[in-house]
Amino acid sequence: MPEKPIQGEKRVFMTGNEVIAWAALAANADIMYGYPITPQNEIMHYWTRMIPKYNRKFLQTEDELSAGFTTVGGVLAGRRAFTATAGPGNTLMQEPMSMAEAMRLPVVVVVQQRGGPSTATVIYSQQEVTMTTLGGNGEGLRVVYSTATHQELYDYTIKAFNTAWKYRFPTFVLGDGYQAKMRESLTMYDPADRGIEMVATEPYVGKPGMPGVDRDPTHLRNTYNVEEELYEVLEQYLADYAKAAPEIAEYEAFDTDDAELVVISHGVVSRAGKAAVQELRQAGYKVGYFRPITLRPLPVDQLREVANKAKQFLVVESANGQLDRLVKEATFGCPVEMLPLFKPGVGITTEEVVARVKEIKG
Amino acid sequence: MSVQPAMPKCWNMETKPHKFCPGCGHGLVLKALGQAIDELGIQDKVVFGCDIGCSLLSWDFFKVDTVQTHHGRTTPVITGIKRANPAMLGIAYMGDGGGYAIGAQHLVSAATRNERITVILVNNTQYGMTGGQMAPTTMPGQKTETSPYGRDEESTGYPTQGPEMVAAITPEGAYVARGTVANVKQLKGFIKKALENQMAGNGFSFVEALSTCPTNWRTNAEDTWKFVEEKMTKYFKVGEIKVPGPREKEGQ
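For clarity, every value in this text was computed on a predicted model and none was experimentally measured.

### Comments concerning the overall build of chain B
Of regular secondary structure, chain B possesses nine helices and nine strands. Across its three principal directions, the C-alpha atoms of chain B cover 60 × 50 × 35 Å. Residue burial in chain B is summarised as follows: out of 252 residues, 57% are buried. Considering only intrachain contacts with a sequence separation of at least 6, the fraction spanning at least 24 residues in chain B is 68%.

Structural data, given as structure tokens:
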């Protein structure tokens, strides 16, 4: 038995991509399949350097279609399998993820968002929200965690494996180029030491016994002959998703009770949102902070509660309203005015949020 | 008459008669595969992956663990399973479109990596499920829905020589052959050797099977057989193309 990658608590200062490789090791991920694309490459770099010691595997594929479908294969074999991608790679990844949705396969994908559309920049954006939450031909039956700190990258990479295997929906950790490349302090730990039990995996194919004699053969398909046959399957999936959604949904909020304006943001931008709200509060502005951690499913009830109290939502994101659309759908009918601060593909500072709120409030 | 035709033991009788069109070659290829699985005694070790197109109709064909994937994506799914659990014997089953067009990059890359999987590709010279469009394997001059005046090699190229390509790009240890439903006994032998090659851990194994599609060829029984036996074999040579073993070194 190889030793545990992390023994006790370990305070470290490292890049987000390195954090994800360590978290996947700590989560007992068995195999990574991947294809190079900036800014996620170092996840593969660190993973391939560390795995011989811990008896894990890696396959570099020919593209992201293959990375996604081989990851699907790893999951079918009953292994904790994952991949990582970004931008145009995420576009290709949507095809295998639609198969994972159709067959309820607990695939884990890390996305480090870069600028779009197309090749755009290798640096940073929040423009992969729509695609990661609702991509593929289907109904968006997936879980998306949007992280804001390196500690969260570590925590939610571990959690993603458990959410995926518990509920059997493909699960994404949605980071970005800033989180991928910058260094930050965090505490790494062995999940068991924090009372986190890794959800057991099980094979879909290659179970013990002779198929057709000792057990039924596994016959997995994503094709259906008639509309009603598909509808029956989807009704069950949608019911499962609706039941799981409140258990999965997570958010972070403060100062919303008496707030006239609530800053809504996610991921790394929520750091600016948080600092801006704290600064504005000290200056006497009645502002609040709300950040969905799960973009899919959204914490709809909590969001609506805030939307029924506050007069204004200021949605702040490094995209042209991708979070905004999700929030508008979730809060439909609530008497809140929606205001934008959109900078597609560009970072947003605390000062910009503060200035925008002051501009609104006069 | 109460004599039942002999069917492979690993066939799933609950889904027979099968769903393919009358005269389709898939049933013969899958019979050869079933016999090979029986003879090798590997029913509990096989994972069978089928593609999109007519091949997907085999998703419940065998009493072996099976996964139906996307168009062209069976090779990476089976690769992913094999890499994660090398004790399994992975079979990727697809048509010519899946292997030579939409999934060509996966076939090429799995072959060059010498993945320890077996790919069985059914070549019936057109896209059957979608209604008979031109495929990479459509014969020069052959009429299809998207080459209604016959395939023009000047503007659409020549038929893909799949096994020849795979043989050229695979490292030592690979097994490559082209069989035909016109000779099922030989085809079964090729498939069996391909599976044995995977069991031995030698390398990638690939069998193309020349097959029939009277529905889209719009041929009667006689012309169907003539097409697969006479016309197709003029362009697609049947036989073993690469077998494992040391090559003769240059200058010796």
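### Here we look at the interface of chain A and chain B
With 35 residues of chain A at the interface, the matching set in chain B holds 28 residues. Where the side of chain A that touches chain B is concerned, the elements lending two or more residues are strand S2 (31–34), strand S3 (57–60), helix H3 (64–76), helix H4 (87–102) and strand S9 (219–220) of chain A. No other element matches H3(A), which puts nine residues into the side of chain A that touches chain B.

### Regarding the domain arrangement of chain A
Residue and element names in this part refer to chain A. Domain boundaries assigned for chain A yield domain 1 (10–194) and domain 2 (252–361). Centre-to-centre separation of domain 1 and domain 2, based on C-alpha positions: 26 Å. Residue-level contacts link 22 residues of domain 1 with 19 residues of domain 2. Element by element, the count of residues in the side of domain 1 that touches domain 2 is highest for strand S6 (residues 143–146), at four residues. Residues of the side of domain 1 that touches domain 2, tallied by class, amount to nine nonpolar, eleven polar and two charged.

### Considerations on H4(A)
Residues and elements named next belong to chain A. Given a rise of 1.5 Å per residue, 16 residues ought to cover 22 Å, and the 23 Å separating the end C-alpha atoms of H4 matches this to within 8%. The principal kink in H4, of about 35°, is found at Gln94, preceding the proline Pro96 by one to four residues. Those residues of H4 that sit buried are Gly87, Gly89, Asn90, Met93, Pro96, Met97, Ser98, Met99, Ala100, Glu101 and Ala102. Among the residues trailing H4, Arg104 stands out with phi positive, at a value near 55°.

### Some points on helix H1 (residues 26–40) of chain B
Residues and elements named next belong to chain B. The end-to-end C-alpha separation of H1 is 21 Å, in line with the 21 Å expected for 15 residues at 1.5 Å each. Along H1, the positions that sit buried rather than exposed are His26, Gly27, Leu28, Val29, Leu30, Lys31, Ala32, Leu33, Gly34, Gln35, Ala36 and Ile37. Where H1 ends, the next residue or the one after it, Gly41, has phi of about 65°, a positive value.

### Some words on the packing of helix H1 (residues 16–26) of chain A against helix H2 (residues 41–54) of chain A
For any two helices packed against each other, the geometry is given by the interaxial angle and the distance between the axes. All names here are of chain A. Two elements in contact, H1 and H2, have axes whose closest approach is 8 Å; the angle formed by their N-to-C orientations is 35°. The hand of the H1/H2 crossing is right-handed. Residues Asn17, Glu18, Ile20, Ala21, Ala24 and Leu25 of H1 pack against Glu42, Ile43, Tyr46, Trp47, Met50 and Tyr54 of H2. Partitioning the contact of H1 with H2 into residue classes produces nine nonpolar, one polar and two charged.

### Digging into the sheet that holds strand S13 (residues 294–296) of chain A
Residues and elements named next belong to chain A. On the basis of which strands lie adjacent, the open sheet formed by seven strands has the order S3-S2-S4-S5-S7-S6-S13 and mixed pairing. Edge positions in the open sheet fall to S3 and S13, since each of these has one partner strand only. In this sheet, neighbouring strand axes are inclined to one another by 25° on average, regardless of whether the strands run parallel or antiparallel. Bridging between S2 and S3 involves four bridges; their strand directions are parallel. The residue of S3 that forms the bridge with Tyr33 is Leu59.

### Quick look at unusual backbone geometry
Note that the residue after Gly116(A), namely Pro117(A), is joined by a cis bond; omega there is 5°. You can see Pro117(A) is positioned in the loop between strand S5 (108–113) and helix H5 (129–134). Omega for the bond connecting Arg296(A) with Pro297(A) falls within 30 degrees of zero, at -5°, which places this linkage in the cis form. Relative to the helices and strands, Pro297(A) is located in the loop between S13 and helix H10 (300–307). Backbone geometry at Asp255(A) places phi at a positive 55°, although glycine is not the residue there. Following the sequence through the fold, Asp255(A) ends up in the loop between strand S10 (251–254) and strand S11 (261–264). In the Ramachandran plot, Arg218(B) falls in the positive-phi region, its phi being about 55° despite a non-glycine side chain. What makes Arg218(B) exposed here is the crowd of 11 C-beta atoms within 10 Å.

What counts, and where the lines are drawn
- Residues numbered from 1 in each chain as written.
- Chains lettered and ligands numbered in written order.
- Predicted model: local features only at pLDDT ≥ 70, side-chain atom pairs only at ≥ 80, totals over all residues.
- Helix = DSSP H or I, 4+ residues; strand = E, 2+ residues; numbered from the N terminus.
- Buried ≥ 20, exposed ≤ 12 C-beta atoms within 10 Å, placed from the backbone.
- Contact = placed C-beta atoms within 7 Å.
- Domains from an automatic or database assignment.
- Nonpolar A, V, L, I, M, F, W, Y, C, P; charged D, E, K, R; others polar.
- Expected span 1.5 Å × (residues − 1).
- Bend = angle between axes of the 7 residues up to and from the residue.
- Axes fitted to C-alpha atoms, helices over the stretch in contact; angles between N-to-C directions.
- Left-handed = near helix turned anticlockwise from the far one by under 90°.
- Pairing = 2+ DSSP bridges.

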